[in-house]
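Topology and contacts: notes
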Amino acid sequence: MKEEIRDLLEDLLPMVDFDSDFLFRELDSLGVTTILMSLSDRYGIQLEAVDATPKNLKTLDSIVALVERKLSEKQG
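So, a few notes on the structure that sits alongside this text. For every chain, the first residue of the written sequence is number 1, and numbering continues from 1 along that sequence. Two thresholds apply to this predicted model, a pLDDT of at least 70 for residue-level local features and 80 or more for giving and counting side-chain atom pairs, whereas whole-chain, interface and lining totals are computed over all residues. Note: side-chain values were computed over all heavy atoms of the structure, leaving out hydrogens and water.

Notes on the side chain of Ser 40
Segments assigned H or I by DSSP are reported as helices when at least four residues long, segments assigned E as strands when at least two residues long, and all are numbered from the N terminus. As for its placement among the helices and strands, Ser 40 is situated in helix α2 (residues 29–43). Summary of the burial criterion: residues with accessible area below 20% of their type's maximum are buried, those above 50% are exposed, and those between are partly exposed, where the area comes from a 1.4 Å probe applied to protein chains only. Owing to a relative accessible area of 14%, Ser 40 belongs among the buried residues under this scheme. Among the polar contacts made by the side chain of Ser 40, one reaches the main-chain amide nitrogen of Leu 47 at a distance of 3.2 Å. Whether two residues are in contact is decided by their heavy atoms: any pair within 4.5 Å suffices. If near-sequence neighbours (up to four positions away) are discounted, Ser 40 is found in contact with Ile 45, Gln 46 and Leu 47. Polar contacts, as used here, are pairs of N or O atoms within 3.5 Å; protein pairs need one atom able to donate a hydrogen and one able to accept it. Residues neighboring in sequence count only if both atoms are side-chain atoms.

Focus: the pattern of salt bridges
Just to be clear on terms, a salt bridge is a Lys or Arg side-chain nitrogen sitting within 4 Å of an Asp or Glu carboxyl oxygen. In total, this model carries six salt bridges according to the counting rule given. Linking Asp 51 and Lys 70 is a salt bridge whose minimum nitrogen-to-oxygen distance equals 3.3 Å. Of this pair, Asp 51 sits in the loop between α2 and α3 (60–75) while Lys 70 sits in helix α3, and the two are 19 residues apart along the sequence. Judged by relative accessible area, which is 16%, Lys 70 ranks as buried. Through salt bridges that share partners, Glu 3, Arg 6, Glu 10 and Asp 19 make up one connected network.

Digging into the nonpolar core
Grouping buried Ala, Val, Leu, Ile, Met, Phe, Trp, Tyr and Cys residues that are joined through side-chain atoms within 4.5 Å yields what is termed a nonpolar core. Of all hydrophobic cores here, the largest spans 21 residues; its most connected members are Ile 5, Leu 27, Ile 35, Leu 39 and Ile 63. At the level of elements, α1 (2–12), α2 and α3 are the ones that each hand at least two residues to this core. When residues in this core are grouped by element, the largest group, six residues, is from α3. Here Leu 27 is in contact with Leu 13, Val 16, Val 32, Ile 35 and Leu 57, once residues within four sequence places are set aside.

Now the structure itself:
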């Protein structure tokens, strides 16, 4: 899943370094919105503004964890 998310986001936001240790710092509001909307569409999950925290968007791994958590909640 991690590589799938990386590929999706790198296509949408080619100027962002998804290997950064603090990815959130590199994102503007449009970048955050793009991430939330594209992941919501791709995985059929509900991501909202409250999910756009530095903790959830700190690294690619934390984004993957957010998606996995939302998928689990959806199935639960």
